[in-house]
Structure formats: C-alpha cells, structure tokens
Amino acid sequence: MAQRASSPVTLLQSFRHASTGTTLEKTPSVSSSIPKPPVAQKKPSAPAHSVLSTKTLLRSLLVTTISSHRALLVPCLSILSFLAKPRGFLLDVDRNPLIHWTLKKSFYDHFCAGEKETQVRDTIHQIRSTGLRGVILTYARETVQDSGANQPKFGHNQVSRDDASIQTCEYIDAWREGVLKTVDMLGDGDFLAPKLTGAGPKVTQAFSSGQPVPTQMVNALDEICQRVVQKNARILMDAEQHAFLGGIHNLTLDLMRKYNRNGKAVVYNTYQAYLKSTPATIASHLQLAQEEGFAFGLKLVRGACMASDPRHLIHDTKHDTDSAYDAIVRGVLQRRFRGVAEDRFPSTGLFLATHNIDSAVAAHNLHQERLQAGLPTVQLEFGQLMGMADGVSFGLLQLKDRENAAPGVYKCLTWGGMGECLGYLVRRAAENRDAVSRTKTEHLALKAEVSRRVRAVFR
Ligand SMILES: Cc1cc2nc3c(=O)[nH]c(=O)nc-3n(C[C@H](O)[C@H](O)[C@H](O)COP(=O)(O)OP(=O)(O)OC[C@H]3O[C@@H](n4cnc5c(N)ncnc54)[C@H](O)[C@@H]3O)c2cc1C
C-alpha cells in the first residue's frame, strides 16, 4: 500500500507482538530513528489474548493444540466428517448424549455460539465484554456441497418433499423462520450473515439458471431486512459457490437499492478477491450505486470455495489473490476504483472479513493516514470467525487512533443445533489444517498467555 515508511512498519510490529502474546513495552522500537507515525497509538499494556476468560483461554488452547498437530487433527477431522453424514441413533450427534457432550465441550463451544437462544445471548455478551464492537450472527442450517459431486444437497435435518406439488416451499419457510429467530438475537450495530442457498432447491436452482427467485423468497428477504433495520443492525450477505454468485449478487443489489438509503449501507454483498473477475464486478456495482444513488455495502473476503469453484476462474497463486485483495482495499479506501472517480464515488461501507494480519493492518494504516490528512475515505470495519484468529481481532483493537478509539472489529458467530453445525465445524477444522503457520502462531500466543497467568498467581 502507498504509505509513509514509518507507519506500516510500526503498526505491523506492534500488531505482531500483540498477536504473539508479548507486550509492546518489551519491544525494542524500530522507529526510533525515523519520524513518528502519523497515527497516534496508545501502547497496549497487556497482550492481545489477556481479554479472554480463563475458561475460553483453556478451551482455545486445547483446540489449537489439536489443530496445530497433524497427527491429532487428521483423525479428528475424519471423525467429524464421519458424524456429519446421517447415521443411526448411536452415532447421531443430537441423540447420543456422550457424543453430544464431547463435541459440545470441545469443538462446538469453541467455534459455535450456542444451540439455544439463551446460550447464544450469553456468547454475544461475552464477546462484547472483550471490547469487540459486536457480532455477525449466522444460522447454521445450509446446503452442503458433496466433495465428490457439484450438486448441492441438503442437510440431514431437512425433510425431503416434492416441492413442485406444493404452493409454499417448506425450505424457504424453515429458512425464513431460522433467520428471523437470528435477527431477534441481534443487538444495536450487529450484523446478520444469511446464507441464501440455505433456503433450498427452488432458490439454488433460480440462482444457477439466472431465473428470478420465488416471490416467497423475495417477501421473506423483505421481512428480514425490515426487522434488521428496526434493530439498527446490518446484513452481510454471504458469498458462495461461483455457480450461485451472480444470482446472490443481483438479489442483494436489489435489497441495497431499497435499504441503503441516505448514505448508510445496511445491506452488503460479499466479493471474493480470489476470482479474477472480482475487480470488474465491484466496479460495475459501484457504478450502479453511483448512478442510482444508493449506498454501497462491500464485504471483501479472499474466498472459501477453492475446492469446488472452477480453478481457471481463480487467481493462479496465493500471491496474486493477496495482491488483488490489497489492491481492492486500497482503491476503495482512496475512493478511486477502476474509473469510478473520487468526486462521484458512492457512500460506501467496507467490511474486511479476513484473518490476514498484513492486509488488515495495511488497510487500517491507510485509512488512518487519510483521516489524519483530511482526505476522503470510506467507513472501514473488520471481522474474524469465532474460535479463529483471536490474535488478529484483539491485536486490531489495540491499534487505537489519536482519539483513542479502537477500530470496529466483529466476531462472526454461527449458531444452531449440533447436527446443523457439524458441516460448519468440519470446514473450520479443515481451514485450521490448511493455515498451519497461523494456527501455530495462535497456539503459541495462547500458551504464552496461559504461562503469564500461571506466573502471575505465584508472583
Ligand atoms: C468473518 C468472515 C466471513 C467470511 N465470509 C465468507 C463468505 O461469505 N464467502 C466466502 O467465500 N468466504 C468467506 N470467508 C472466508 C474467506 O474467504 C477466506 O477463505 C478465509 O478468511 C481465509 O482467507 P484470509 O483472508 O483470512 O487470509 P489467508 O489465510 O491469507 O488466505 C487464504 C486464502 O487465500 C486464497 N488462496 C489460497 N491459496 C491460493 C492459491 N494457490 N491461489 C489463489 N488463491 C489462493 C484462498 O481464498 C484462501 O482461502 C469469511 C471469512 C471471515 C473471517
């Protein structure tokens, strides 16, 4: 990113130390011989993970111990994948109390918010008490992609029925009910993160064929948006497999037209930086927002469907995806993106959903530099998944600005029954396996925090 030399170095250093559990006071300054960074920082007095309760800290340590050792993680992943398929009573995670308890106390409680509303509300309360701005809440019921085939299938809790023979679609109804229940749990400023393919085959077929979704779905979304607005919350629509993406984007743009009024982005589309086409897609959606006068909600991710999306649509290397991600962030923060000029740039909310330290800190730096220099920019917020990258979330909180305000950082929480959440748990475990070095860094930071607390007891 185009920044003053001292700023990224200092902030990134600060961040890395925060995320590995050491305090800044012990860090030799790398910037003593160079000018002070433009962004004032209050030195954090405690390591990033010090905000975690001891119970959460120990559970996180257990899960990252498993996740950072292949010999432990691979069998766990196999067991989770095995249980995720429909099984008889003895192996049913919702009916066998022993399996249910074991999973609940380990992976489920680490990655998921709760099975019932009271548990979810408790989790949200705990998250907020750590200083995070709020939560992104999502309901786990969703379509699952068979690793062998590319046809979407439905979770084993869904009742199979011939949709063509009925007036209202039970899948859409069940999805609507679950999402509305989720909206009820949102607090002021929180986000809802719906997965539109969870609404069943009529919706996924409409997305993949380019047809309009059923009116029942449009009405359900309208009701959901109205309730979200009443709660002063916002919506981050998930990006899914490429086959559905055009349909999801168009439907969400319609909601932006209706709900993103008076310069406030309430509804956000998600854009996957690993797709070569994404910068052009963002530019055309920005153009629409500018021409039609609605605020633009842009959630940016790298992309999670590499295993199922056509490879040729995705950047050839990780480095190319990283460059694309950072270039999009830079352009949007500077309000100059592929011909959409600064003076006509629509009011935009930029939400970076990432566990990547470098991208997050670079974005924060550029945003702060522009604010300090009085240059126009957009609203910037960050999000990480519950149970992952706590060092990133709490490290970002320590990068305060001159007014001592922390950036807006949110945790993304998934809630639902154990059976409904198993597919999600398998994906999280697999993601930990694939991000080995980050999992190890997180594990070391947690270990350091445990040692610090033990030493404090004996001091
Ligand atoms: C709060 C939150 C919400 C999310 N919502 C969505 C969503 O709606 N839709 C969605 O698809 N994903 C979503 N994700 C997941 C996201 O897309 C990434 O898979 C995940 O966050 C890892 O990427 P990263 O930016 O954290 O960083 P990193 O770990 O640095 O990047 C890993 C990513 O780089 C890319 N990559 C890896 N290897 C290659 C390669 N050889 N060539 C090209 N690219 C490569 C992949 O996208 C991979 O996931 C979400 C993540 C978070 C934290």
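Under an unreviewed UniProt entry, the name given to the protein chain is Proline dehydrogenase, and the source organism is Aspergillus ellipticus CBS 707.79. Its UniProt record, at the heading Function (unreviewed entry), says of the protein chain: "Converts proline to delta-1-pyrroline-5-carboxylate." Recorded under Catalytic activity (unreviewed entry), the UniProt text for the protein chain is reproduced unchanged: "L-proline + a quinone = (S)-1-pyrroline-5-carboxylate + a quinol + H(+)".

J.: Give me the site of the ligand: which residues, what numbers.
T.: In the neighbourhood of the ligand, 27 residues make up the surrounding shell, with G303, K318, T321, T354 and H355 lying closest. One of the side-chain N or O atoms of K299 is found 2.9 Å from a nitrogen atom in the ligand. For the ligand, an oxygen atom lies 2.8 Å from a polar atom in the side chain of K318. Coverage of the ligand by the protein amounts to 85% of the 920 Å² it exposes when considered alone. Residue assignment for the shell around the ligand shows that the elements contributing at least two residues are strand 6 (267-272), strand 7 (296-301), helix 11 (318-333) and strand 9 (379-385). With three residues, the top contributor of residues to the shell around the ligand is strand 9. Here the shell around the ligand is composed, by residue class, of nine nonpolar, eleven polar and seven charged.

J.: Pulling in residues and values, what's your account of the pattern of salt bridges?
T.: Under the defined criterion, the tally for this structure stands at 21 salt bridges. For D222, the salt bridge goes to K258, with nearest N and O atoms at 2.9 Å. Taken as a pair, D222 in helix 8 (residues 215-230) and K258 in helix 9 (residues 242-259) lie far apart in primary sequence, 36 residues in all. Taking the relative accessible area as the measure of exposure, K258 reaches 48% and is therefore partly exposed. The residue E381 makes a salt bridge to R234 at a minimum N-O spacing of 2.9 Å. Of the two residues, E381 is situated in strand 9 and R234 in strand 5 (residues 234-236); the sequence distance between them amounts to 147 residues. Assigned by exposure class, E381 and R234 land together as buried. A single salt-bridge network, built from bridges that share partners, covers R176, D184, E223 and R227.

J.: Can you lay out the confidence of the model for the protein chain for me, pointing to particular residues and giving the numbers?
T.: On average, the protein chain scores 85 in pLDDT, and the residues at 70 or more come to 85%. Under a pLDDT of 50 for its full length, residues 143-166 has, in the predicted model, 40 contacts with residues more than four places off or in other chains.

J.: Break down the nonpolar core for me, with residues and values.
T.: The biggest cluster of nonpolar side chains holds 85 residues, and the ones touching the most others in it are L196, M217, I224, I282, L300, L350 and L352. Counting residues domain by domain, this core receives three or more from each of domain 1 (56-115 + 423-458) and domain 2 (116-143 + 168-415). Excluding anything up to four places from it in sequence, I282 contacts Y271, F296, L298, L300, I328 and F337. In this structure, L103, Y108, A265 and L422 belong to the second largest nonpolar core, which totals 35 residues.

J.: How would you explain empty space enclosed by the protein if you had to name every residue and give the values?
T.: By rolling a water-sized probe across the atoms, one finds the places where empty space is left. Under the defined criterion, the tally for this structure stands at four cavities of 30 Å³ or more. By volume, the largest cavity is sized at about 110 Å³. T64, H355, G387, M388, A389, N432, A435, R438, T439 and E442 are the residues that line the largest cavity. Here the lining of the largest cavity takes three residues from helix 15 (residues 436-458), the largest share from any one element. Classifying every residue of the lining of the largest cavity gives three nonpolar, five polar and two charged.

J.: Tell me about the environment of F382, and please be specific about residues and values.
T.: By secondary structure assignment, the location of F382 is in strand 9. It is 7.8 Å that separates the C-alpha atoms of F382 and P407, two residues lying 25 residues apart in sequence. Filtering out sequence-adjacent residues up to four positions away, F382 remains in contact with F351, L352, A360, A363, H364, L396, P407, G408, V409 and Y410.

J.: Kindly report on the sheet that holds strand 4 (residues 191-192), identifying the contributing residues and their values.
T.: The strand order around the closed barrel built from eight strands is 1-4-5-6-7-8-9-10, with neighbouring strands paired in parallel fashion. One ladder, built from two bridges, connects strand 1 (residues 134-139) with strand 4; its direction is parallel. Residue pairing for strand 4: L137 is matched across the bridge by L192. With respect to the sheet, helix 8 is in contact with strand 4, strand 5 and strand 6, its orientation differing from that of strand 5 by roughly 130 degrees.

Cut-offs applied
- Residues numbered from 1 in each chain as written.
- Predicted model: local features only at pLDDT ≥ 70, side-chain atom pairs only at ≥ 80, totals over all residues.
- Heavy atoms only, no water.
- UniProt positions renumbered as here; feature names shortened; annotations may be inferred.
- Near = heavy atom within 4 Å.
- Polar contact = N/O pair within 3.5 Å; in protein donor to acceptor, adjacent residues only side chain to side chain.
- Areas by Shrake-Rupley, 256 points an atom, 1.4 Å probe, with all protein chains shown as cover.
- Helix = DSSP H or I, 4+ residues; strand = E, 2+ residues; numbered from the N terminus.
- Nonpolar A, V, L, I, M, F, W, Y, C, P; charged D, E, K, R; others polar.
- Salt bridge = Lys/Arg side-chain N within 4 Å of Asp/Glu carboxyl O.
- Buried < 20%, exposed > 50% of the residue type's maximum accessible area, 1.4 Å probe, protein only.
- pLDDT = per-residue confidence, 0-100.
- Contact = heavy atoms within 4.5 Å.
- Core = buried A, V, L, I, M, F, W, Y, C linked by side-chain atoms within 4.5 Å.
- Domains from an automatic or database assignment.
- 1 Å grid on protein atoms, 1.4 Å probe; cavity = no way out; pocket = protein on both sides within 12 Å on 5 of 7 lines; lining within 4 Å.
- Points joined across faces, edges and corners; volume = space filled by probe spheres on them.
- Pairing = 2+ DSSP bridges.
- Axes fitted to C-alpha atoms, helices over the stretch in contact; angles between N-to-C directions.

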